[in-house]
Amino acid sequence: MVDLPEALLLAEQMNKEISGKTVVNVTLKDYSHKTMFINLSPKEFEQQIKNKKILSTFAKGKWIFSRFETEKILAIAPEMGGDILFHKNETTIPEKYHLIFEFDDETFLTLKYSGFLLMRFATQEELDETRYPGKIGPTPLDSEFTFKKFAIMLDQSNRMIKSTLLDHGQVPGLSNFYLNDAFFKSRIHPKKKANTLSNEEKKDLYNSIKETLKEAIKLKGRKERKDLYGVAGKFSRMIDSKCKGKLCPNCETLIEKLSVAGSNNFICPKCQKLD
Ligand SMILES: [Zn+2]
C-alpha cells in the first residue's frame, strides 16, 4: 500500500520531475472498470489531460495530487500498491503498465497498480464532494493533528482502537502496516476499546504513530515499495510476519499473529495486554 511516507516521497519526486511540463500524450492501457475507479471514461480522461500543463504535485494522506493549469487536479491513490516510475527516455519504460504520460521534453511517467486504483480528474471543489478522496483532514504529521483532538477521537469511540484509527478519514495516510509498529512500541493491544485507554496510553500511542511515520519518511518508505526512480525504501517493521514464533525483544515472550478488523497484527501478548 501507499501510505503517508510513500505518498510524500513520490509526490516530492514527481513535483521535481514533471512540474511545468505539458502532457503531449496520455494513454490508459488494459482499462478495467472492475479495478480502475476513474470519474471519467478512458476517452474523456485522455482528452481532458492531453496538451495540458502540470503546475505542481503534492501529497495528502495516501493520495497524490497533480495540479494542472486548467485548475483541475489529477488525484491518484494506488490502493494496494504498484509502481509510479519516471523515465528520462523511452528505454526504461516497462513492458507492463496501466497508465503512461509522455511530456513535451520526451520524458515519461508510467503507473502500474496492483489490487485496484482510484483516480479522479476534477476541480478541488468537486474532489471535496466525493467520498474518496473527499476532504482530507490533518495527517499525523500536520500541526493540526494535536494530542487533544486525538484523545477526543478515542474517547468518543467504544470500538476497538484499531478500527477507530483506521476508519476512513480518521487518520489520513495511516494504515495497519505502520499502526502495527505503533501498537507494539506503545504496548497497546489492537483490540482494546478506544475509550478505555488511559491518558498515558493515549499519549504513548499518539507519539508512537508520529515517530513510526517520521522514521519511515527518513528511510524513504517501506522496503517493499519503490520510489519514482525504482529505488526501494529502507523501512522495515519492528514486528511483522517474520517475528511469528520468535521472541519479543522486550520480554522474550512468543510473538503471536492475530487477525483484527480484517487484517493481521503481530503482538506480544505480555507487553500488549488486552485488559
Ligand atoms: Zn513482550
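Keep in mind the model is a prediction, meaning the values are calculated, not measured. (Residues numbered from 1 in each chain as written. Predicted model: local features only at pLDDT ≥ 70, side-chain atom pairs only at ≥ 80, totals over all residues.)

Caption draft 1: Geometry of the sheet that holds strand E6 (residues 82-87). The four strands are arranged E1-E7-E8-E6 in an open sheet whose pairing can be described as antiparallel. Unpaired on one side and paired on the other, strand E1 (23-28) and E6 mark the two borders of the sheet. Put simply, the sheet's adjacent strands are angled 10° from each other on average, direction ignored. (Pairing = 2+ DSSP bridges. Helix = DSSP H or I, 4+ residues; strand = E, 2+ residues; numbered from the N terminus. Axes fitted to C-alpha atoms, helices over the stretch in contact; angles between N-to-C directions.)

Caption draft 2: How the structure looks around the nonpolar core. Ranked by internal contacts, the top residues of the largest apolar core, which has 66 residues, are Ala-7, Leu-10, Trp-63, Ile-64 and Ala-75. Sort the elements by how many residues they give to this core and helix H1 (residues 4-18) lands first, with eight residues. Composition of this core by domain shows at least three residues from each of domain 1 (4-129) and domain 2 (147-223 + 236-267). (Core = buried A, V, L, I, M, F, W, Y, C linked by C-beta atoms within 7 Å. Buried ≥ 20, exposed ≤ 12 C-beta atoms within 10 Å, placed from the backbone. Domains from an automatic or database assignment.)

Caption draft 3: Region of the structure containing the pairing of strand E5 (residues 73-78). Among the six residues of E5, six are classified as buried, and the element is accordingly described as predominantly covered. Every second residue of E5 is oriented toward a common face, with Ile-73, Ala-75 and Ala-77 on one face and Leu-74, Ile-76 and Pro-78 on the other, all of them buried. Bridge count between strand E4 (residues 63-68) and E5: four bridges; the pairing is antiparallel. Note that in E5 the partner of Arg-67 across the bridge is Ile-73. The sheet contact formed by E5 and strand E9 (residues 117-122) spans six bridges and is antiparallel. Looking at the pairing, Pro-78 lines up with Leu-117 of E9.

Caption draft 4: Quick look at the domain arrangement of the protein chain. Under the domain assignment used here, the protein chain contains domain 1 (4-129) and domain 2 (147-223 + 236-267). Computed over C-alpha atoms, the centres of domain 1 and domain 2 are 31 Å apart. Contacts between domain 1 and domain 2 engage nine residues on the former and nine residues on the latter. In terms of residue count, H1 provides more of the side of domain 1 that touches domain 2 than any other element does, six residues in total. (Contact = placed C-beta atoms within 7 Å.)

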